[in-house]
Amino acid sequence: MFQNLNKYDFLLIVTLLFVVVVSGYYYANPQARSLLWLKTYPIRAELSVHQISCSDNSPAWLADILKYQTRNNNAPANQIAYIDPQGQLHHCENGYVGQYPLISDTVTEDTRFRYASVTKLWTADAILSLVRDGKLSLDTKLADVITDINNPKDARISDITIRQLLSHRAGFDRYSVFGNDMFGIGKDICPNHLQALNNITLGFTPDSKTSYSNLGYCLLGEVISRLNGDKPYTDIIAQQYDFADTDLRFVSNAAMADEVFYNYVETGITGVANIYTAFDYEGLASAAGLSGNAVELAQQAHKMVTKSSPNVLSIDKKAQCDFTKIAECYGYAMIPYQANSTLPMVYYRDGNLLGLSSLVAISDNGSVVGLLSNGTSNEGVDGSNKVKMMLYKQISD
């Protein structure tokens, strides 16, 4: 049958067979398909790097940050907004809205990104507004507001204060089954089963150490609700921060029409296939539920820091922070860092979910930076800290 084939026809048949076999393999093996997609990232990154747009007279370092995020932190789409000490707004964007470059729309300053844990700024600011208005104090006990806490088996829970919740020092250990219920770990406590607080044991004595807790910020969201006539937290925040005049919105278990694609690929067989349904967004509303763009993020943060004390830059003296280290040592909303006493203090609030990261940096000199990315660093915290240090050099002058 093949004896009469010339070399050209033979090569064509072999090529077609190879294409069919390879295509069949990747079609039938989603894990292999995902790994192949990951290997294309350097190409996609360079296409995104060459698709940077900046507002007039923006500092060159804004684009440099986006290039670094794209090439080093798995983020092919990014936005950065900078309000300088004189109050001037600058911004840059790069990449594509959809999964595939070139055939997708380019990212603009209006493209929507999820804010992840940067959402906590709004929760902290709303709580601190209640404190300034005399409706609450930093030493108010959680049990005085959330009366579902009435007979806890761990008596320490009755003494948890608003101050401790804000600064992640309330005793909820994120690595225990009760410390972080955003991934469906442990029992569903907040916001729908608050009476379960009576049945848990804290991971540590409040104020004895710092341990990041989304549960703590969900409880703060409930405090806001209880002190506003039990209105839903999301409605209160949307009204208080004039969402009707912005593109800020709370997210749900589905992508919004104007939302960027997130650079997450599941390469295992036990991981998360759908990042939108991986979380309980009702429980996460006050901890990681907001979305918008980097310009709005910077502008809102800029307004927050102009408010009287205590505000989102305030620091709890009980935390005994070493400001020369970027560590999980929280004020009432942000992590303070100061390389030495001659330089300004810079405050950070960052966040990560599957395939996305967010960051706000605020300097004592009035500078504010908002950075949103559709990817996360392979280096985890170390990768995030490298970006923080890059920003520190630019906004601490």
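Let me begin by describing the structure that accompanies this report. Bear in mind the structure is a predicted one, so any value in this text is a computation, not a measurement.

## Points about a nonpolar patch on the surface
(1) Moving on: A cluster of nonpolar side chains, namely Tyr100, Leu102 and Ile103, defines an oily patch on the protein surface of about 380 Å² accessible area.
(2) Moving on: For Leu102, the position within the fold is in the loop between β3 (89-94) and β4 (113-114).
(3) Moving on: By relative accessible area, Leu102 is classed as exposed at 61%.

## So, the pattern of salt bridges
A side chain with one charge can pair with a side chain of the opposite charge if their charged atoms come near.
(1) Moving on: As enumerated under the stated definition, the model contains 14 salt bridges in all.
(2) Moving on: Across the pair Asp125 and Lys307 runs a salt bridge whose closest N-O atoms are separated by 2.6 Å. One end of the pair, Asp125, is in helix α5 (residues 120-132); the other, Lys307, is in the loop between α11 (294-305) and β7 (335-337), and 182 residues separate them in sequence.
(3) Moving on: For Asp154, the salt bridge goes to Arg156, with nearest N and O atoms at 2.8 Å.
(4) Moving on: Taking the relative accessible area as the measure of exposure, Asp154 reaches 8% and is therefore buried.
(5) Moving on: Salt bridges here are not isolated pairs; linked through shared partners, they connect Asp139, Arg163 and Asp316.

## Topic: the nonpolar core
(1) Moving on: By size, the foremost hydrophobic cluster in this structure holds 83 residues, and its most contacted members are Leu121, Trp122, Leu165, Leu166, Phe172 and Leu219.
(2) Moving on: Looking at this core element by element, the count peaks at 8 residues for α5.
(3) Moving on: With sequence-adjacent residues up to four places away left out, Leu165 is seen in contact with Leu142, Ile160, Ala170, Phe172, Gly216, Tyr217, Leu219 and Leu220.
(4) Moving on: Counting residues in hydrophobic clusters, the runner-up holds 18 residues, among them Cys92, Val346, Leu371 and Leu391.

## Overview of the sheet that holds strand β6 (residues 290-292)
Backbone-to-backbone hydrogen bonds pair the strands of a sheet. The strands run either parallel or antiparallel.
(1) Moving on: Read from one edge of the open sheet, 3 strands run β4-β6-β5, paired in antiparallel fashion. At either end of the open sheet lies a strand with only one pairing partner, and these are β4 and β5 (249-250).
(2) Moving on: Looking at chain direction, β4 and β6 are connected through 2 bridges and run antiparallel. Directly across from Arg114, in β6, lies its bridge partner Ser291.

## Thoughts on the sheet that holds strand β9 (residues 356-363)
(1) Moving on: Spatially, β1-β3-β2-β10-β9-β8-β7 is the arrangement adopted by the 7 strands of the open sheet, whose pairing is antiparallel. Strands at the two margins of the open sheet, each flanked by one partner only, are β1 (52-54) and β7. Taken over all neighbouring pairs, the strand axes of this sheet differ in orientation by 15° on average, direction set aside.
(2) Moving on: Across the sheet, α11 touches β2 (78-83), β3, β9 and β10 (368-373), and the angle it forms with β10 is around 145°.

What counts and what doesn't
- Residues numbered from 1 in each chain as written.
- Predicted model: local features only at pLDDT ≥ 70, side-chain atom pairs only at ≥ 80, totals over all residues.
- Heavy atoms only, no water.
- Patch = residues over 30% accessible without salt bridge, like charges linked within 9 Å, V, L, I, M, F, W, Y side chains within 5 Å.
- Areas by Shrake-Rupley, 256 points an atom, 1.4 Å probe, with all protein chains shown as cover.
- Salt bridge = Lys/Arg side-chain N within 4 Å of Asp/Glu carboxyl O.
- Helix = DSSP H or I, 4+ residues; strand = E, 2+ residues; numbered from the N terminus.
- Buried < 20%, exposed > 50% of the residue type's maximum accessible area, 1.4 Å probe, protein only.
- Core = buried A, V, L, I, M, F, W, Y, C linked by side-chain atoms within 4.5 Å.
- Contact = heavy atoms within 4.5 Å.
- Pairing = 2+ DSSP bridges.
- Axes fitted to C-alpha atoms, helices over the stretch in contact; angles between N-to-C directions.

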